[in-house]
There are 4 protein chains.
Amino acid sequence: MSSSLGKLFTVTSFGESHGKCVGVVIDGCPAGLPLTVADIQKDVEQRRAGASVASTSRKEKDEAEILSGVAAGFTTGAPLCLLIMNEDVDDSDYEKIRSKLRPAHADFTAAVKYGGFSDWRGGGRFSGRMTATFVMAGAVARKLLSAIGVEILAHTVAIGSVSAKPMTYKSIKQKALKDPLYCADAAASQKMAELIAAVKKEGDSLGGIIEGIALNVPVGLGEPIFDTLDGDLAKALLAIPAVKGVEFGAGFAAARKKGSENNDPFIIKDGKIVTATNHAGGILGGISSGMPVVVRVAVKPTASIALEQATVDIKKMKETTIKVGGRHDACIVPRAVPVVEAMMALTLADFAMRAGIIPRVLK
Amino acid sequence: MSSSLGKLFTVTSFGESHGKCVGVVIDGCPAGLPLTVADIQKDVEQRRAGASVASTSRKEKDEAEILSGVAAGFTTGAPLCLLIMNEDVDDSDYEKIRSKLRPAHADFTAAVKYGGFSDWRGGGRFSGRMTATFVMAGAVARKLLSAIGVEILAHTVAIGSVSAKPMTYKSIKQKALKDPLYCADAAASQKMAELIAAVKKEGDSLGGIIEGIALNVPVGLGEPIFDTLDGDLAKALLAIPAVKGVEFGAGFAAARKKGSENNDPFIIKDGKIVTATNHAGGILGGISSGMPVVVRVAVKPTASIALEQATVDIKKMKETTIKVGGRHDACIVPRAVPVVEAMMALTLADFAMRAGIIPRVLK
Amino acid sequence: MSSSLGKLFTVTSFGESHGKCVGVVIDGCPAGLPLTVADIQKDVEQRRAGASVASTSRKEKDEAEILSGVAAGFTTGAPLCLLIMNEDVDDSDYEKIRSKLRPAHADFTAAVKYGGFSDWRGGGRFSGRMTATFVMAGAVARKLLSAIGVEILAHTVAIGSVSAKPMTYKSIKQKALKDPLYCADAAASQKMAELIAAVKKEGDSLGGIIEGIALNVPVGLGEPIFDTLDGDLAKALLAIPAVKGVEFGAGFAAARKKGSENNDPFIIKDGKIVTATNHAGGILGGISSGMPVVVRVAVKPTASIALEQATVDIKKMKETTIKVGGRHDACIVPRAVPVVEAMMALTLADFAMRAGIIPRVLK
Amino acid sequence: MSSSLGKLFTVTSFGESHGKCVGVVIDGCPAGLPLTVADIQKDVEQRRAGASVASTSRKEKDEAEILSGVAAGFTTGAPLCLLIMNEDVDDSDYEKIRSKLRPAHADFTAAVKYGGFSDWRGGGRFSGRMTATFVMAGAVARKLLSAIGVEILAHTVAIGSVSAKPMTYKSIKQKALKDPLYCADAAASQKMAELIAAVKKEGDSLGGIIEGIALNVPVGLGEPIFDTLDGDLAKALLAIPAVKGVEFGAGFAAARKKGSENNDPFIIKDGKIVTATNHAGGILGGISSGMPVVVRVAVKPTASIALEQATVDIKKMKETTIKVGGRHDACIVPRAVPVVEAMMALTLADFAMRAGIIPRVLK
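Quick notes on the rules
- Residues numbered from 1 in each chain as written.
- Chains lettered and ligands numbered in written order.
- Predicted model: local features only at pLDDT ≥ 70, side-chain atom pairs only at ≥ 80, totals over all residues.
- Helix = DSSP H or I, 4+ residues; strand = E, 2+ residues; numbered from the N terminus.
- Rg over C-alpha atoms; globule rule 2.2 N^0.38 Å.
- Buried ≥ 20, exposed ≤ 12 C-beta atoms within 10 Å, placed from the backbone.
- Contact = placed C-beta atoms within 7 Å.
- Nonpolar A, V, L, I, M, F, W, Y, C, P; charged D, E, K, R; others polar.
- Least-squares fit on C-alpha atoms with pLDDT ≥ 70 in both.
- Pairing = 2+ DSSP bridges.
- Axes fitted to C-alpha atoms, helices over the stretch in contact; angles between N-to-C directions.
- Parallel < 35°, antiparallel > 145°, perpendicular 65-115°, else oblique.
- Left-handed = near helix turned anticlockwise from the far one by under 90°.
- Expected span 1.5 Å × (residues − 1).

Trainee: Sorry, what's going on with the overall build of chain A here?
Mentor: A tally of helices and strands in chain A yields nine helices and 18 strands. For chain A, the C-alpha radius of gyration of 21 Å lies close to 21 Å, the compact-globule estimate for 363 residues. Seen through its C-alpha atoms, chain A measures out along the principal axes to roughly 70 × 50 × 35 Å. In chain A, buried positions account for 67% of the 363 residues.

Here is the structure:
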C-alpha cells in the first residue's frame, strides 16, 4: 500500500469499507485556516447525495469528525486527522462469495498481492467508500484554494450513451449542483435517469464521463519535468476506483487535429495575457496557464452487477459463476462527481503550496 | 522544477535542449546488471529513427555516455549517470522570437513561473529533446525488467485522421519496429506517411495516438490507494511533451458500455487465473492482473508550425503574429513511440522493485 | 509540520497533548503479521512505567486502539491507524502562562513559526506525550523485526552526574527492564533515584544518557550516500524531545583516539566475518556490519522546573519571570528509554524492508 | 543506494573515487541566483587546502564544471549538474588488497550489500572524495542562504588529545579560515600540527572534533515532528564518512546539568526576543530559535593506516594481516571542515525553502 498523496500538502488515507472507520491525515496544512466540522460535512453530504437517483446507498449518517489539528476554530499547523466511523456494516452478502472473484473488482489482484490477508469485506481498501476520505481532505484543500480565489466544479457530461450538450462555465456552475445527477443539461439528465432506471431493472450497470473545471488558477502551478500539473492530476484522478482514462482540454480529440486548429493563440485581454481558445485545458508544459484547467475522466460501468457472470473460485481453483448481491449503484458517476472535485483540489492545493502561492501561515 | 521520478528506481533528469548536454541520474538500480553503452545507445537510436519520415531531425550523433555506476561491465549499486553532450546547437532561429510567445508551447508559463530566467533556447527544459534522457533511463529499466520476463512495446495506432486496424500482439511485435512510423498496419502507415507529407507542405502539423503494451507483467505491481499502477503510468506518460490524454484498456469507450459488456470474466488457462477479455487493460484496483498492460496516449499536433499565428510579444505586451522557424517535426508521434516504451519501463521497474520482485542484487 | 518518517515503512503521527487524542498511521506494513492491541499496549505500558520513580505521570489509562489495517488478527497490508484517546486533560495550569514563554520549550519557536495558531495546551505537538505515538508504531516495528531475529533494548547509562558501570549485553537484557529507572547497574540506579529525589525537592530537574542496542541486525541495512543507517537513526532519535546529541559506538571518544586504537580488526568467528571490537557501533560506511548497533543519546534536563526563571511575555513584549506549574517529571530519562527502542525499531524496520530482508507478505 | 538529500532543495550525488568523475545534481534551486564556476571552485579549493598540513592529497586540479541549470550567469530554475572529472586515478595500490578487508572501512559491508559488484577502487562511493560533491552543492546553498543573510562557518576544535580554547564567533570568523588546520586558536593549532606529524611518522592516524556555526538563521526553520532542524542536520552530517557523533549546543554536557543550569532564559534585546545563553544551540522543539545554530561532530581517526592490522581475506575466508598503502591523510579533520559547512548549508537552504523564506524566483 502507498496511501499518501502530495508533497507539501500531504494526505494519508486509512480505514476499510467494513472496518471500524475510514479516515485521513492531512500533513502540511498551513496554520490559520478557519475550519469546522461543518466545512467537511458539507462535501461529505454532497458525495452521498450524488447517489440519490443512481444508487441504493448505505444508510449510515457519515458523520465527519476532526480528531486533531484544529484549535479555537483554526488549523494549528499540526496534522489534521479526519474520521468517519462506520456504522452500517453488514457482511452477510459478502461471506458467501469470499472465494469467488468478482469480475472487474480487485479481489484477485489484492488476494495475490497481499497473500490472502487483505480485508475482502465490502471491498476493503478498494471500496468506493474510501473516496469519502478523499472528499474530507478535499474539503480542506478547497477552503485553502478559496483563499487564493480558485474555484473547482465538476459535472456529469455523459452516462452510458447519453451525452450532455456543451455549456458555459457559468451555466454549469448554476445548474450542475442542483441536478440529481450533477448534470448541467436538464434534458440530458432526464434521459440519463431513465437509462439508469432501465439498466438497473436488467441487473446491469452504466459508466460515464465527468468533467472537472478549476477556475482562477494562477499561472505557474506544476513542477516539470515530472511533477507536471497534468501528470499529478491524472495520478490523483486515477485513484478513484473505476476511472479508466483522463484527458485534458481537447484531449484525445487533439490527436486528430492539425496544429493550426489545436494551437491556442495568445491574446491580451483586460491587460493580461490569455489564450483565445483553451484546447490546452489550461496547462502548457505541465504548468497552469491561467486559463481554466479542464479535465475529463472516463468512469467504467459499476463492476458489481446482479447478472450472472463467469468467474473462478480461487480457493477451489475452479471455474464457476457469480451474481454479486448486496447494495450496489447501477451508476456511480454522480457519486464520483464530488470526488473528482476533491482530487483536483488536493492536487492544486499541493502545487499552490509548492509554488509559494499559499503561505505557511494564513492571516 | 521537480525532475525526479520513481521511489526505489529513481530517475533524475537534467540538461537543456541548447545547453551543454542532456543527462539523467538513476539511483536505486540493483547491483549486478550487465550494462554497456551499446544497451543504451540502441534505444537512443530508435528514438532518433522515429523521426526519419516524419521530421527534419537534429543532425547530431547523440552519443550516450555512462559516467558512473558501472564497473567491469556490471552495475555496482551506485547511481548511474548517463549523458549525451549536445553538439548541433544553433540558436539563430530562436533569438528573434525570444519575446514572442509560441502558441501551444511552454514559453508563457515558463516565463512567468521562472521570472524570465528559464533557458528559452530551443525550448530549454520543455524541449522534446529532454525525452532522450527518458529513453536512456528507460533502456536500463528495460534490461532490469527483461530479467523478470517483462517485455514492452509501443506502436502508432493513429496519425491525424488515419487509424491502424486492430492487430494481435504478435503481429505488432513483428511489424511495428520495422515500420518507419512504428505502425504495425502497413497500409495505414502508407496513408499516414502521405498525410504527413501533405500537411508538412502546408506548414502545418499532425498529432496521433500511441498504444503501449507490457507483456508478462507479474500479478501484483502497483501500490494502492494512491500509487496505483495506472496512476503512476499516467503521470509518467504525461511527462512526455504533447501528451494530452491517457486511457487504459477500454478507456473512454468503457464509459459508454454496460457492466455486463465491460467486466472481464475470470477463467482458468494453463492452470493460471486470467481474464477471458482485457477491457481492464491489465490493471484491477490499481494493481497489475497478469494480463497485458495496455495504455493509449493522445499526442497533440506539433506546436511549432510554419504558418502565421496570432500571439503576444511578452516584452512589449502587444499582440502580434509569429511564424515559428527552425527545424520541426510535422508529426512527432513516431519519435514518441520509444519514449512511451521508456516511461512504461521506468514505472514498471520501480513497481517491480517496490513489490520485491526485482532483488537488490542480481545474480 | 512534517509528521512522517520512513520510506517503505512509513509512520505518520497526529494528535496533541491536550487535544482529543494522539495517534499514528503506519503505511507499508507487510500483510500477514499477527497483531493484537495487547502487542501495542505492552510497549505503551512500559513507557508509562518508566515514569514510576522519576515523575508524577498523567493518571489516564492510555488505552491503545487499532482503528484499521488488521483483520482476523493479522495485518492486511493496508495502513494501520493506532490511537490513544486523551482523558486526563486539565488546562488550568497552562491558561495563566499562555503568553509567558517557558524557557527551553518550543513555546517561542512554535509561536513564531505557526503565527500564534499552534496548540499551546500542554505543549501541543511538542509535548513528550507525542512519543506515545512513536511507541505504538515502534511496537509494530519490533514485531516485524523479531520475524528476522532482530532484538532491540535500551537502558539508562547516566542520570545527572551518576553513571552506570559498563555491562555485558546479557546482563543489560536481564536487568534493565526490571529496574525502575531502566538501569542495569542496581547500585547506580539506587544513587540515581536518590539524586532525582533530591533535585525534585529543589524544584529542579535532571538529564541523562540512554544507550540503545540492536542485536542480530543482518549485514546490509542502510542506504548510503545519504540514507545511512547512522544518519537515519540519529534523525529518528532527535525527534524525541530533549535529545541534544547522538553518538555511535565509540562516538565522541573516537575523536580522541588513534586509528590503531579505534579500528576494529576483522576476524572469523563461527564461520562468519565479525570484528574483534565494536568501536564502530555496528555501522561501517553507513551500513550495518552484523555487529550490535550501539547508539547513545544525550537527554537534556527536563525543561519544566518549579524554580523561578527569567523569561519574556510575548504578548506584552516585556521581560518577566515564570514558575512552571502542572505535573512534570524531574527526570524524563527512564520514560524515554522505551522511546529510544521505538525509534531504533522504526528505522531498522524501514531499512530491513528497503534491503528486501522483510518481505511484503509474511507467511 | 539512496543518493538524494533534501525535500525542496534536493541534491543527488553520483560518481566514484576512481571512476570517470564525481558529480551532483541540484533540483529545486530557485531561478535568478547569480552563479559562476568560480563560486563553486572557491569552496572546492577550500576543501583541498584543508589537506595541506594534515595529508598527502591527490594531485589533481579538481576543476568544477557547471553542465546545466545556468544561463546568462543566472540559475534558470532547472536542475544544476555540477561535475569534477577525475584525473589522478591510480589503482595500483588497491589491486593487491581487493580481497583483504580494510578495518574501519566499508569494504566488508559494501561487499555483502552489493554482492561483490560495488566499485572497490579507492573506496568507490564510500571514499572521502565523494564529499567534493557535497561541497559543490553546498557552495550553491551558501549563495542562496547569503541572500537571506545566513552565514555559515566551521572550525577545528580538537585533534586527538589537543583541544582549542573557546573563542567568540567573531574571533573564529577572523582566524579559523586563515589557519592551516582551520583552528581559530593559533597555539592549539601549532600543537595539533606537531601531534599530526608525530602520529604520521608512526604510520598511525588521528581524529578530532569540528564545530559548525550558522549565524543569522531566521526563527522558524525546521519541520517537526520528524523533519526537525537538528534531526536533518545530524543526518546530513553523518553522511560525511568518519563522523561518529553529533551534538547540538551543550550536547552531551547537557545530560549532566540541572534544568536551572541548562535552560536558556528569554530576554529582549534590540527589540527582539532572544535567549541570554545558548545551551540549546539555536534549536528549540526542532525549530531554529534565531540564536546561532551550533553543532559539533566527532570525526574518528582516519581508517587507513600504514601499521599492520589483523583482518580477513574475504575471498579465501581466512584471517590475515593488512598494511594499507596508497595516499592517505593522517588526519582528515581539516579537510572535513568545509564539508561540515556544506552539509549545514544544504540542510538550512532546504528548510528555508520549506518555510517559504527563500522564494522560488530571486529578484
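The rest of the description comes next.
Trainee: Before we go on, may I ask you to explain the interface of chain C and chain A in this structure?
Mentor: How large an interface is tends to be reported as the accessible area lost when its parts come together. Taken together, the contact pairs 37 residues of chain C with 37 residues of chain A. At the level of elements, strand S2 (10-15), strand S3 (21-27), strand S4 (64-68) and strand S6 (74-75) of chain C are the ones that each hand at least two residues to the side of chain C that touches chain A. Residues belonging to the side of chain C that touches chain A are distributed by class as follows: 14 nonpolar, 17 polar and six charged.

Trainee: Before we go on, may I ask you to explain the environment of A:Ile66 in this structure?
Mentor: All names here are of chain A. Following the sequence through the fold, isoleucine 66 ends up in strand S4 (residues 64-68). Isoleucine 66 sits in the buried class, given 20 other C-beta atoms within 10 Å. Counting along the chain gives 30 residues from isoleucine 66 to threonine 36, while the straight-line C-alpha distance between them is 8.1 Å. Apart from residues no more than four positions distant in its own chain, isoleucine 66 is found in contact with Val37, Leu80 and Leu82.

Trainee: Just to check I follow, could you spell out the relation of the copies chain A and chain B for this structure?
Mentor: The operation relating the two chain copies consists of a rotation about an axis and a shift along that axis. You can overlay chain A on chain B at an RMSD of 0.0 Å; the transform is a turn of 180 degrees with a shift of 0.0 Å along its axis. With respect to symmetry, the two chain copies, as superposed, fit the operation of a two-fold axis. Taken as a fraction of all interface residues of chain A, those also at the interface in chain B reach 100%, which identifies the copy contact as same-surface.

Trainee: What is the right way to look at the interface of chain A and chain B in this model?
Mentor: On the chain B side, the residues contacting the 88 residues of chain A number 88 residues. Here the side of chain A that touches chain B is composed, by residue class, of 46 nonpolar, 26 polar and 16 charged. Pairing of strand S11 (residues 243-248) of chain A with strand S11 (residues 243-248) of chain B, which is carried by three bridges, proceeds in the antiparallel orientation. Along S11(B), the bridge assignment pairs A:Glu247 with B:Gly245.

Trainee: Just checking my understanding: could you explain the packing of helix H4 (residues 131-146) of chain B against helix H9 (residues 333-354) of chain B for this structure?
Mentor: Packed helix pairs are characterised by how far apart their axes lie and by the angle those axes make with each other. Residue and element names in this part refer to chain B. Interaxial distance between H4 and H9 falls to 7 Å at its minimum, and their mutual angle equals 50 degrees. Viewed along their axes, H4 and H9 adopt a mutual orientation that is oblique. At the point where H4 passes H9, the crossing takes the left-handed sense. Residues Thr131, Phe134, Val135, Ala137, Gly138, Ala141, Arg142, Leu144 and Leu145 of H4 pack against Pro338, Val339, Glu341, Ala342, Met343, Ala345, Leu346, Leu348, Ala349 and Ala352 of H9. Per-class residue counts for the contact of H4 with H9 are 15 nonpolar, two polar and two charged.

Trainee: Hey, could you run me through helix H7 (residues 229-237) of chain A in this one?
Mentor: Because each turn of an α-helix spans 3.6 residues, side chains separated by three or four positions end up pointing in the same direction. Within H7(A), nine of the nine residues are buried, leaving the element largely enclosed by the surrounding structure. Turning to H7(A), its buried residues are A:Leu229, A:Asp230, A:Gly231, A:Asp232, A:Leu233, A:Ala234, A:Lys235, A:Ala236 and A:Leu237.

Trainee: What's the story with the pairing of strand S10 (residues 208-215) of chain C in this structure? I'm lost.
Mentor: Regular strands place their side chains on alternate faces of the sheet. Residues and elements named next belong to chain C. Where burial is concerned, most of S10 is hidden: seven out of the eight residues are buried. By the bridge criterion, eight bridges tie strand S8 (residues 151-159) to S10 in an arrangement that is antiparallel. Of the residues in S10, the one forming a bridge with alanine 154 is glycine 212. The sheet contact formed by S10 and strand S16 (residues 293-299) spans seven bridges and is antiparallel. The partner of glutamate 211 across the bridge, within S16, is arginine 296.

Trainee: I keep staring at unusual backbone geometry and nothing clicks. Help me out?
Mentor: Residue A:Pro224 is joined to A:Ile225 through a cis peptide bond whose omega torsion reads 10 degrees. Following the sequence through the fold, A:Ile225 ends up in the loop between strand S10 (208-215) and H7. With a phi angle near 45 degrees, B:Met317 is a residue other than glycine that sits in the positive phi range. Notably, D:Ala104 is not glycine yet its phi reads approximately 70 degrees, a positive angle.

Trainee: When you look at the sheet that holds strand S9 (residues 162-163) of chain C in this model, what are you seeing that I'm missing?
Mentor: Neighbouring strands of a sheet are bound in pairs by backbone hydrogen bonds; such pairs are parallel or else antiparallel. The antiparallel open sheet is built from 10 strands, whose spatial order is S9(C)-S8(C)-S10(C)-S16(C)-S11(C)-S11(D)-S16(D)-S10(D)-S8(D)-S9(D). Each edge of the open sheet is held by one strand with a lone partner, namely S9 of chain C together with strand S9 (162-163) of chain D.

Trainee: How should the sheet that holds strand S4 (residues 64-68) of chain B be read in this particular structure?
Mentor: Taken together, five strands build an open sheet; the order of strands is S1-S2-S3-S7-S4 (chain B) and the sheet is antiparallel. Sheet topology places strand S1 (4-5) and S4 of chain B at the edges, where each strand pairs with a single neighbour.

Trainee: Hey, could you run me through helix H4 (residues 131-146) of chain C in this one?
Mentor: Compared with the 22 Å implied by 1.5 Å per residue over 16 residues, the 22 Å span of H4(C) between its first and last C-alpha is a close match. Here H4(C) lies mainly inside the structure; 15 of its 16 residues are buried.

Trainee: Please explain the environment of A:Ala187 as it appears in this structure.
Mentor: Residues and elements named next belong to chain A. Within the fold, alanine 187 resides in helix H6 (residues 186-201). Look at alanine 187 and you get exposed, because 11 C-beta atoms sit within 10 Å. Considered as a pair, alanine 187 and leucine 229 are 42 residues apart in the sequence and their alpha carbons are 34 Å apart.

Trainee: Would you mind going over the environment of C:Lys175 with me for this structure?
Mentor: Relative to the helices and strands, C:Lys175 is located in helix H5 (residues 169-175). Between the alpha carbons of C:Lys175 and C:Asp185 there is a distance of 7.7 Å; along the sequence they are 10 residues apart.

Trainee: Help me out: how do you make sense of the pairing of strand S13 (residues 272-275) of chain A in this one?
Mentor: Residues and elements named next belong to chain A. Because side chains alternate across S13, one face comprises the buried residues Ile273 and Thr275, and the other comprises Lys272 and Val274, none of which is buried. Bridge count between strand S12 (residues 266-269) and S13: four bridges; the pairing is antiparallel. Each residue of the ladder has a partner; that of phenylalanine 266, found in S13, is threonine 275. Here S12 folds back onto S13 in antiparallel fashion, the turn holding two residues, of which aspartate 270 has a positive phi close to 50 degrees.

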